[in-house]
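# Analysis of the macromolecular model
Below are the chains, spelled out letter by letter.
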Amino acid sequence: MSRVTAQLAEVQAPLSAESLRADFPSLATRVHDKPLAYLDNAASTQRPQAVMDALTEYEVEMHANVHRGVHARSDKATAAFEGARERARAWLNAASGDELVFTRGATESINLVARCLDHRMDSGSEILLTGMEHHSNIVPWQQLCQRTGARLKVAPVLDSGALDLDAFRGLVTPGLGLIAVTHVSNAMGVINPVDDICRMARQAGVPVLIDGAQAAGHVPLDVQELGCDFYAFSGHKMYAPTGIGALYARAPWLDDLPPFLGGGEMILEVRFDGTTYNTPPHKFEAGTPNIAGAIALGAAMDYLAGHGLARLAALEHELLEYATGRLLDVPGLRIIGTASPKSAVISFVIDGIHPHDLGTVLDHEGVAIRAGHHCAMPLMDRFGLPGTARASFAFYNTLEEVDRLVSGIGTARKLFA
Ligand code: PLP
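Just so it is clear, the structure is predicted and the values come from calculations on it, not from any experiment. (Residues numbered from 1 in each chain as written. Predicted model: local features only at pLDDT ≥ 70, side-chain atom pairs only at ≥ 80, totals over all residues. Heavy atoms only, no water.)

This part covers the nonpolar core. A general trend in soluble globular proteins is that nonpolar side chains are found buried together. One finds Phe168, Ile179, Tyr231 and Phe395 to be the most contacted residues of the largest nonpolar core, which totals 84 residues. In terms of residue count, the dominant contributor to this core is helix α11 (residues 291–307) (11 residues). Looking at which domains feed residues into this core, each of domain 1 (3–47 + 308–415) and domain 2 (52–305) supplies at least three. Residues in contact with Phe395, not counting those within four places in the same chain, are Ala17, Leu20, Phe24, Tyr239, Tyr303, Leu304, Leu312, Leu315 and Glu316. (Core = buried A, V, L, I, M, F, W, Y, C linked by side-chain atoms within 4.5 Å. Buried < 20%, exposed > 50% of the residue type's maximum accessible area, 1.4 Å probe, protein only. Helix = DSSP H or I, 4+ residues; strand = E, 2+ residues; numbered from the N terminus. Domains from an automatic or database assignment. Contact = heavy atoms within 4.5 Å.)

With that out of the way, let us pick up the environment of Arg250. The residue Arg250 is located in the loop between β10 (245–249) and α10 (251–256) in this model. Since its relative accessible area comes to 34%, Arg250 is described here as partly exposed. For Arg250 and Phe230, which are 20 residues apart along the polypeptide, the C-alpha to C-alpha distance reads 6.7 Å. Setting aside chain neighbours within four positions, we find Arg250 in contact with Glu99, Cys228 and Asp229.

Think of interface size as the accessible area that goes away when the parts come together; that is how it is often given. Each assigned domain of the protein is listed with its residue range as follows: domain 1 (3–47 + 308–415) and domain 2 (52–305). Using only C-alpha atoms to locate each centre, domain 1 and domain 2 end up separated by 27 Å. At the interface, 39 residues of domain 1 touch 37 residues of domain 2. In total, about 3000 Å² of surface goes out of reach between domain 1 and domain 2, with carbon and sulfur atoms giving 57% of it. By the criterion of area lost to domain 2, the three top residues of domain 1 are Arg47, Leu309 and Leu379, representing 22% of everything that side buries. Along the contact surface separating domain 1 from domain 2 lie 1 salt bridge. For Arg382, the salt bridge goes to Asp159, with nearest N and O atoms at 2.6 Å. Counting across the interface, domain 1 meets domain 2 through 26 residue pairs in polar contact (both at pLDDT 80 or more). (Buried area = accessible area lost by both parts, 1.4 Å probe. Salt bridge = Lys/Arg side-chain N within 4 Å of Asp/Glu carboxyl O. Polar contact = N/O pair within 3.5 Å; in protein donor to acceptor, adjacent residues only side chain to side chain.)

If you trace the 4 strands from one edge of the open sheet to the other, you get β13-β14-β17-β16, paired in antiparallel fashion. Each having just a single partner strand, β13 (333–336) and β16 (370–372) make up the two edges of the open sheet. On average, adjacent strands in this sheet sit at an angle of 30° to one another, irrespective of strand direction. The pairing of β16 with strand β17 (residues 388–392) spans 3 bridges and is classified as antiparallel. (Pairing = 2+ DSSP bridges. Axes fitted to C-alpha atoms, helices over the stretch in contact; angles between N-to-C directions.)

Locating Thr398 in the fold gives a position in the loop between β17 and α15 (399–416). If sequence neighbours within four positions are ignored, Thr398 has contacts with Ala17, Glu18, Arg21 and Leu319.

Before going further, it helps to spend a moment on helix α12 (residues 309–328). Here α12 spans 28 Å end to end across 20 residues, near enough to the 28 Å set by a 1.5 Å rise per residue. Of all the positions in α12, only Leu309, Leu312, Leu315, Glu316, Leu319, Leu320, Ala323 and Leu327 are classed as buried. End-on, the buried residues of α12 take up no more than an arc of 145°, which puts them together on one face. Relative to its buried face, α12 has exposed residues pointing more than 90 degrees away, namely Ala310, Glu321 and Leu328. On its buried face, α12 sits against α2 (17–21), α4 (72–92), α11, β13, β14 (345–350) and α15. (Expected span 1.5 Å × (residues − 1). Arc of directions from axis to C-beta.)

Structure representation (structure tokens):
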């Protein structure tokens with residue numbers, strides 16, 4: 001077999017969670033003396049060794065400040081930092097790396113846009129959201145409304161958890177200031193038809209921001225094909241560290257918007273009688289950036305791309321199908337968000353068991369899930385619930401871990417139901 005054929009065979013070889021788990025040392029740890037079954041990936045994913053190695057390499061080989069240095073370490077750090085920006089560009093298929101602003105994460109990315117849009121909003125402006133948004137994609141817009149007098153409109157969610165697209169269409173009117181929607185619901189896993197949404201927006205001449213926090217590590221992305229104006233995401237939900245993320249914004253926006261924060265890096269010239277700003281993306285990156293985080297984000301993207309995001313997503317889909325089937329067999333259990341397509345997130349309630357009690361019982365079995373309102377209180381209100389239990393999967397989870405989840409639920413039912 002030639003080397004190329006061998007490499008191809010390796011690339012084509014089916015992936016298994018068991019082999020991928022070896023790349024994630026944290027998955028081999030124990031909790032309450034039980035093997036960890038980490039099913040809280042929508043909150044934050046674990047990091048592969050390759051990401052930790054990239055961090056260590058940065059610290060040892062090149063840590064120095066970026067862009068302004070006149071020495072070799074700074075040049076090396078700058079090259080690695082800008083290399084990470086290029087990886088983020090490629091990840092989203094943005095037209096240029098200048099359209100990628102590094103931020104602390106999705107929350108800061110959305111706040112950046114909301115802050116910088118003030119000058120385009122007034123008391124006649126409206127912003128369209130959906131009823132399934134994370135608080136990060138609600139509160140910054142409420143704050144913008146308080147500053148400018150603009151108003152929010154909210155498209156409803158159907159009983160299945162799907163966005164009511166007909167109602168949404170009716171709310172997309174010319175003159176709308178902005179549409180801000182989540183790509184994937186963190187509380188239900190429901191995937192929104194962002195292609196349709198962007199098409200509707202384009203026809204009406206309305207800009208669109210997509211909150212991609214739950215999508216960027218699971219769904220192949222192409223912002224040019226999508227035609228969105230802004231796309232926000234966080235590194236820690238895609239196997240990179242916390243405190244790093246990015247905002248994609250189409251170039252004309254970054255030219256047009258005023259800067260977000262002021263300080264070093266974002267200027268060309270500062271005098272007491274005025275300041276000229278740097279070109280994008282630096283205009284929006286005041287101060288010393290999270291250099292290590294950006295480099296580690298690039299390493300996480302390399303890791304995912306190396307295995308093929310579609311192949312990893314197929315593993316997650318298998319987990320979703322298996323876990324949905326097993327959970328639906330549990331008496332008194334109801335899944336919130338049954339629409340398809342879905343990412344590998346399952347929110348559920350069980351008659352007679354508070355989600356927090358369930359979470360505690362499962363924790364003692366070594367199974368980590370999330371319980372509560374998932375920073376989506378309006379969605380919980382929509383379903384008349386204070387909260388749900390949520391199991392969210394990554395490609396490194398196994399069917400056996402799903403079985404442990406179901407068995408732990410059985411224990412909780414014996415105690416509470
Ligand atoms: N948007 C969605 C859909 C999320 O799930 C989250 C986090 O859970 C956020 C935004 C905020 O992300 P971060 O806390 O990383 O800024």
